[in-house]
Amino acid sequence: HCISPRGDPPDRKARLSTVSLDDDRKKKVKLWLLGTTLVLLTLASRISISYYLGNDAPGDGVIYSQLGKNLLEQGVFSLETQTPFSPTLVRLPGYPLFLAGVYAIFGVDNTPVRILQAVIDTGTCVLIALLTGLSPAALQDRNDPAAGLLDATWADWPQALRACAVDLPRLAPL
């Protein structure tokens, strides 16, 4: 074995850097596991609320549902429940088009709509985390408590959770 000028065997430095890499990988895996667990818990809570507490109470949800049904069944953007189906401009078409698409796949039932909205809403939490730099890779370089607070607040905000159970045009920009 050769001895370096410091007196360390040449492979010691390589072993130390390998240990450091293994520790970094373990940190990354732990952060990804934590993040994935939190996202899955958020998704499970939103889907549970959507499924068990969902309602079709009178209000905007009924209007949007009728527009979605008429788009699917009659091919007309109308609020009418029977012929003639007069076109209307009472609402923007984004959310009724989303509803018509979901109704075409799952049938005219609002439960799949609410569950799909819960999935999209959870994706919004992930997007906020990524946009605020709260990804596991960013956490290694800096710890931004404001970003974490923003994401955690949205993930468990009571109004956001309650909104999972109601049919509202939260996807209007589509």
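Note: the structure precedes this text.
Thresholds applied
Residues numbered from 1 in each chain as written. Predicted model: local features only at pLDDT ≥ 70, side-chain atom pairs only at ≥ 80, totals over all residues. Heavy atoms only, no water. Helix = DSSP H or I, 4+ residues; strand = E, 2+ residues; numbered from the N terminus. Buried < 20%, exposed > 50% of the residue type's maximum accessible area, 1.4 Å probe, protein only. Polar contact = N/O pair within 3.5 Å; in protein donor to acceptor, adjacent residues only side chain to side chain. Axes fitted to C-alpha atoms, helices over the stretch in contact; angles between N-to-C directions. Parallel < 35°, antiparallel > 145°, perpendicular 65-115°, else oblique. Left-handed = near helix turned anticlockwise from the far one by under 90°. Contact = heavy atoms within 4.5 Å. Nonpolar A, V, L, I, M, F, W, Y, C, P; charged D, E, K, R; others polar. Salt bridge = Lys/Arg side-chain N within 4 Å of Asp/Glu carboxyl O.

A.B. asks: Help me understand the environment of Tyr64 in this model?
C.D. replies: Positionally, Tyr64 belongs in helix α2 (residues 60-73). Judged by its relative accessible area of 8%, Tyr64 falls in the buried class. As a C-alpha pair, Tyr64 and Ser78 span 14 residues in sequence and 10.0 Å in three-dimensional space. Within the local environment of Tyr64, its side chain forms a polar contact with the side chain of Arg91, the two groups lying 3.4 Å apart.

A.B. asks: Is there a simple way to think about the packing of α2 against helix α3 (residues 94-106) in this case?
C.D. replies: The description of two helices packed together rests on the angle between their axes and the distance between the axes. As a packed pair, α2 and α3 sit with axes 8 Å apart at the nearest point and diverge in direction by 60°. What the angle tells us is that α2 and α3 run oblique. α3 is crossed by α2, and the crossing has right-handed handedness. Contact residues: Tyr64, Ser65, Leu67, Gly68, Lys69, Leu71 and Leu72 in α2; Tyr95, Pro96, Leu97, Leu99, Ala100, Tyr103 and Ala104 in α3. The residue inventory of the contact of α2 with α3, partitioned by class, reads eleven nonpolar, two polar and one charged.

A.B. asks: Which parts of the structure should I look at to understand the pattern of salt bridges?
C.D. replies: One side chain can pair with another of opposite charge once the charged atoms of both are near each other. Considering all chains together, one arrives at two salt bridges under this definition. Notably, a salt bridge pairs Asp60 with Arg91, separated by 2.7 Å at the nearest N-O pair. Note that Asp60 is positioned in helix α2 and Arg91 in the loop between α2 and α3, a separation of 31 residues in sequence. Classification of Arg91 as partly exposed rests on a relative accessible area of 23%.

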